[in-house]
Every structure is written in C-alpha cells, then in structure tokens.
Amino acid sequence: MQIRVLGSAAGGGFPQWNCNCLNCSGVRQGSINAQMRTQSSIIIGNGSPDWALINASPDVLTQIKQTPVLQPARQMRDSGIAAVVLMDAQVDHVTGLMMLRERNSPLPIYATQQVFDDLTTGLPLVKTLSHYCTVDQRLIRPDQENFSIPELAGIAFKPITLSSKAPPYSPHRHDPHPGDNIGLLVTDVASGKKAFYAPGLGMIEPQVEQAMREADVLLVDGTFWTDDEMISMGLSSKRAIDMGHLAQSGPGGMIEALASYSTKRRILIHINNTNPILREDSPQALQLKALGIEVAYDGMHIEI
Ligand code: MLT
Ligand code: MN
Ligand code: ZN
C-alpha cells in the first residue's frame, strides 16, 4: 500500500492568504526555516494507476499538478483519482470536489449519511455536481466493519467514528452525531499492515485507541501545538478543542497520546499555519524530532 500526502496543512494552508503571523509572513519572505504547504488531503494506492483521494481540498488542482501519478493518461480524458473518500463535510476537505466536475463518468464519493446531508443542504456540492459529472454516492455506515473500493483491489477501509466537529453550516455543529467526522483504519490485505488516518481528532476515545494499537503507521491531527494557540495570537476566540482538534502539547495532548506507540511510525498531519512545529528549527519541532514524531509535508511518500 502506498500513501502520498498531497496537502499537509489545515484549512487556510500555509501561508494562509490573509495571514501575517510569524509563520505565514516568514515563509512568504523566506526568513524562516519552513516549507509552504497546501490544504489537507492524501491519496492511497495499491500500486495500480488508480488511487483513492481522501478528502478533496480546495488546492486539489495544484496538488494534482504536483503529483504526476494522478495523470496516467490511459485515454484522452483520464485521472488517477478513482474514488473520493470524505472524512467530514468541512470546507477544507470537500470544496475540491467542484474542481473535479469535468470528469466524464459519475464521481464515486464515499461518505457518511451526515456528510452527504451537509453536502446537499448547508454546502450543496453534491447538488451542484449533479449538473456536471454527477456523483455516485457510496454510503459509509460509521459502525460498519471494513468496506472496499472496487476500483482499488487489496485495500480495506474501516471507518472509525471520531469526536471532532461538524462544519459551522451543519445542524450537528453543536449537536454531535457518530458519522459527522470519521477516521480511517486502512489495511493492505496481502500484508495485513495498517495505517490510521485522522486529520481532525478532538479526543482519544476507546475506538481510536484500538485503531492506533492495530495500526503500523499513525497519521493524526497535528493542527495546533497549544489549545489556546489562536486566542493567544489574537486570531480567534476559539480554543483548539472548540474546533475539534486535540492540541499536541500539555497533559492529555497528542504527544502524550502517541507516547505509548513509540515503535510505530507517528506522523502529524493537518498542521495549522500558526503551529510553531512548521519552523523546522523551533524548540517544538526539535522536541518532536527527539521523540521520533514526524511532521507531514506535501509530497511525503509512505510505503506500508
Ligand atoms: C478545521 O479542521 O478546523 C478546518 O481546517 C477549519 C476550516 O478550514 O474550515
Ligand atoms: Mn480542517
Ligand atoms: Zn498565519
């Protein structure tokens, strides 16, 4: 199984278009040791030209250009994106669907009922796409065991319900339901090796712990270093946890949660532009390095 990180940043990307924080202005000017990053998305493949796109970021066209395997060119109009799997209905995970509208067959999208509902009402992308390529809706039940994608033999996907946040335009924003946000435990059936992917993770619940135990590689929420990061920078009144993200540092934080899995490959992904770990020589980045925790970057390859 192959995983490629198309976009390793949280919503807004890095730098964010309107942000002049130390990180954003520094990366723009080249005055800090950091790399630009596009918004959250990965692809999963089995070695064939067909891939599953996990979340469709607003940066998807740039990401496709940067990823030649997504253009196999088997016919005049073609794509390596065989299907899309959505973790939630957040803007930074779904608006790239609009950019795939020129597809010449219905676009297979795997999502929960809640996500399809939000994408038919609050942000009606599925309705809009019905005027273009149309959507082949493939339902994920949040409590189901593995599902497979017929276009992607040999890989099994298990949804893991996550406590995170439905988007602001969802009726579930302050009334969470299982299926608003999922993670994926992805298995290479031949080798039995697994990866756990959870870009938005607010709480390490028992089903998450179980998935982390089973997985060989963990790709988890790296949005914020501190819970009050946006507040202390004067950028928002919301804590990380109010946005459905478990901060890395501090008691009960992601670093502590990852400590029990030090033999596994542990990668932080969906990194917000305010996060000090983006500066490769920051004390926070060096702390992660010392712990053996990786920070995802655009173009990162993971072979499992
Ligand atoms: C989040 O996961 O909190 C998002 O990145 C916010 C957004 O872009 O809407
Ligand atoms: Mn996000
Ligand atoms: Zn910024």
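Here, every reference points to the structure presented above.
Presented here is a report on the structure given in the accompanying data block. It should be emphasised that the depicted structure is a prediction, and the values quoted were computed from it without experimental measurement.

**Some remarks on helix H1 (residues 22-29)**
And then number 1: Here H1 has its buried residues at Asn23, Cys24, Ser25, Gly26 and Val27.
And then number 2: A positive phi of about 70° marks glycine 30, the residue just after H1.

**Looking at the sheet that holds strand E5 (residues 107-111)**
And then number 1: Reading across the sheet, the 7 strands line up as E6-E5-E4-E3-E2-E1-E14 and stay open at both edges, with mixed pairing between neighbours. The sheet is open, and its two borders are formed by strand E6 (135-139) and strand E14 (301-303), each paired with just one other strand. Averaged over all pairs of adjacent strands, the angle between their axes in this sheet comes to 25°, without regard to strand direction.
And then number 2: As judged from the 5 bridges shared by strand E1 (residues 2-7) and strand E2 (residues 41-45), these two strands associate in the antiparallel manner. Bridge pairing in E2 places isoleucine 3 opposite isoleucine 44.

**Let's talk about the coordination of the manganese ion (ligand 2)**
And then number 1: Coordination of the manganese ion (ligand 2) by the protein is provided by Asp92 (OD) and His270 (NE2), with metal-donor distances spanning 2.1 Å. Remark: histidine 270 occurs in the loop between strand E12 (265-269) and helix H9 (283-291) and aspartate 92 occurs in helix H3 (residues 91-94); sequence separation between them is 178 residues.
And then number 2: For histidine 270, a relative accessible area of 4% translates into the label buried.

**Notes on the packing of aromatic side chains**
And then number 1: All chains considered together, the criterion is met by 2 aromatic pairs.
And then number 2: Judged by centre distance (5.3 Å) and plane angle (15°), the rings of tyrosine 110 and phenylalanine 147 are stacked. Here phenylalanine 147 lies in strand E7 (residues 147-148) and tyrosine 110 lies in strand E5, a separation of 37 residues in the sequence.
And then number 3: Judged by centre distance (5.5 Å) and plane angle (20°), the ring pair of phenylalanine 147 and phenylalanine 157 falls under stacked.

**Topic: the pattern of salt bridges**
And then number 1: Following the criterion strictly, the structure yields 11 salt bridges and no others.
And then number 2: Of the charged contacts, one joins aspartate 78 and arginine 74 as a salt bridge, the two residues approaching to 2.9 Å between their closest N and O atoms.
And then number 3: Overall, the relative accessible area of 17% leaves aspartate 78 in the buried class.
And then number 4: Here arginine 138 and glutamate 151 are joined by a salt bridge, their closest N and O atoms 3.1 Å apart. Highlighted residues: arginine 138 in strand E6 and glutamate 151 in the loop between E7 and strand E8 (155-161), separated in sequence by 13 residues.

**Remarks on the site of ligand 1**
And then number 1: In the vicinity of ligand 1, the contacting residues are Gly11, Gln90, Asp92, Met243, His245 and His270.
And then number 2: Between an oxygen atom of ligand 1 and a main-chain N or O atom of glycine 11, the distance comes to 2.9 Å.
And then number 3: At 2.9 Å from an oxygen atom of ligand 1 is found a side-chain nitrogen or oxygen belonging to aspartate 92.
And then number 4: Protein coverage of the free-state accessible area of ligand 1, which is 270 Å², stands at 72%.
And then number 5: When its residues are assigned to classes, the shell around ligand 1 shows 1 nonpolar, 4 polar and 1 charged.

**Re H9**
Helical periodicity: at 3.6 residues per turn, an α-helix aligns residues three or four positions apart in one direction.
And then number 1: Restricting attention to buried positions, one finds in H9 the residues Gln284, Ala285 and Leu288. The buried residues of H9 all sit within an arc of 100° when viewed along its axis, so they share a single face. Seen from the open side of H9, the exposed residues pointing more than 90 degrees away from its buried face are Pro283, Lys289 and Ala290.
And then number 2: Buried-residue contacts for H9 involve helix H8 (254-259), E12 and strand E13 (293-295).
And then number 3: Positive phi appears at glycine 292, one or two residues downstream of H9, with a value of about 80°.

**Points about the coordination of the zinc ion (ligand 3)**
And then number 1: For the zinc ion (ligand 3), every protein donor is listed as Cys19 (SG), Cys21 (SG), Cys24 (SG) and Asn273 (OD1), and the spread of their distances is 2.3 to 2.4 Å.
And then number 2: Each donor residue of the zinc ion (ligand 3) belongs to the same chain, with the gaps between them written as C-x1-C-x2-C-x248-N.
And then number 3: For cysteine 19, a relative accessible area of 8% puts it in the buried group.

**Here's the deal with the side chain of aspartate 188**
And then number 1: Mapped onto the elements, aspartate 188 comes out in strand E9 (residues 182-188).
And then number 2: Not counting the four nearest positions on each side in its chain, aspartate 188 is found in contact with Met1, Gly154, Lys193 and Ile304.

**Some thoughts on the sheet that holds E7**
And then number 1: Taken in spatial order, the 7 strands make up an open sheet running E7-E8-E9-E10-E11-E12-E13, and their pairing is mixed. The open sheet is flanked by E7 and E13, the only strands paired with a single partner.
And then number 2: Here E12 pairs with E13 via 3 bridges, running parallel. Counted as the bridge partner of leucine 268 is valine 295 from E13.
And then number 3: Those strands touched by helix H6 (residues 206-214) are E8, E9, strand E10 (194-198) and strand E11 (217-221), and its axis lies near 150° from that of E8.
And then number 4: Strands in contact with H9 are E12 and E13; relative to E13, the strand with the most contacts, it is inclined by about 135°.

Each value, and the rule that gives it
- Residues numbered from 1 in each chain as written.
- Chains lettered and ligands numbered in written order.
- Predicted model: local features only at pLDDT ≥ 70, side-chain atom pairs only at ≥ 80, totals over all residues.
- Heavy atoms only, no water.
- Buried < 20%, exposed > 50% of the residue type's maximum accessible area, 1.4 Å probe, protein only.
- Helix = DSSP H or I, 4+ residues; strand = E, 2+ residues; numbered from the N terminus.
- Pairing = 2+ DSSP bridges.
- Axes fitted to C-alpha atoms, helices over the stretch in contact; angles between N-to-C directions.
- Donors = N, O, S within 2.8 Å, 3.2 Å for Na, K, Ca; no water.
- Phe/Tyr/Trp six-rings, centres within 6.5 Å; stacked < 30°, edge-to-face > 60°.
- Salt bridge = Lys/Arg side-chain N within 4 Å of Asp/Glu carboxyl O.
- Near = heavy atom within 4 Å.
- Polar contact = N/O pair within 3.5 Å; in protein donor to acceptor, adjacent residues only side chain to side chain.
- Areas by Shrake-Rupley, 256 points an atom, 1.4 Å probe, with all protein chains shown as cover.
- Nonpolar A, V, L, I, M, F, W, Y, C, P; charged D, E, K, R; others polar.
- Arc of directions from axis to C-beta.
- Contact = heavy atoms within 4.5 Å.

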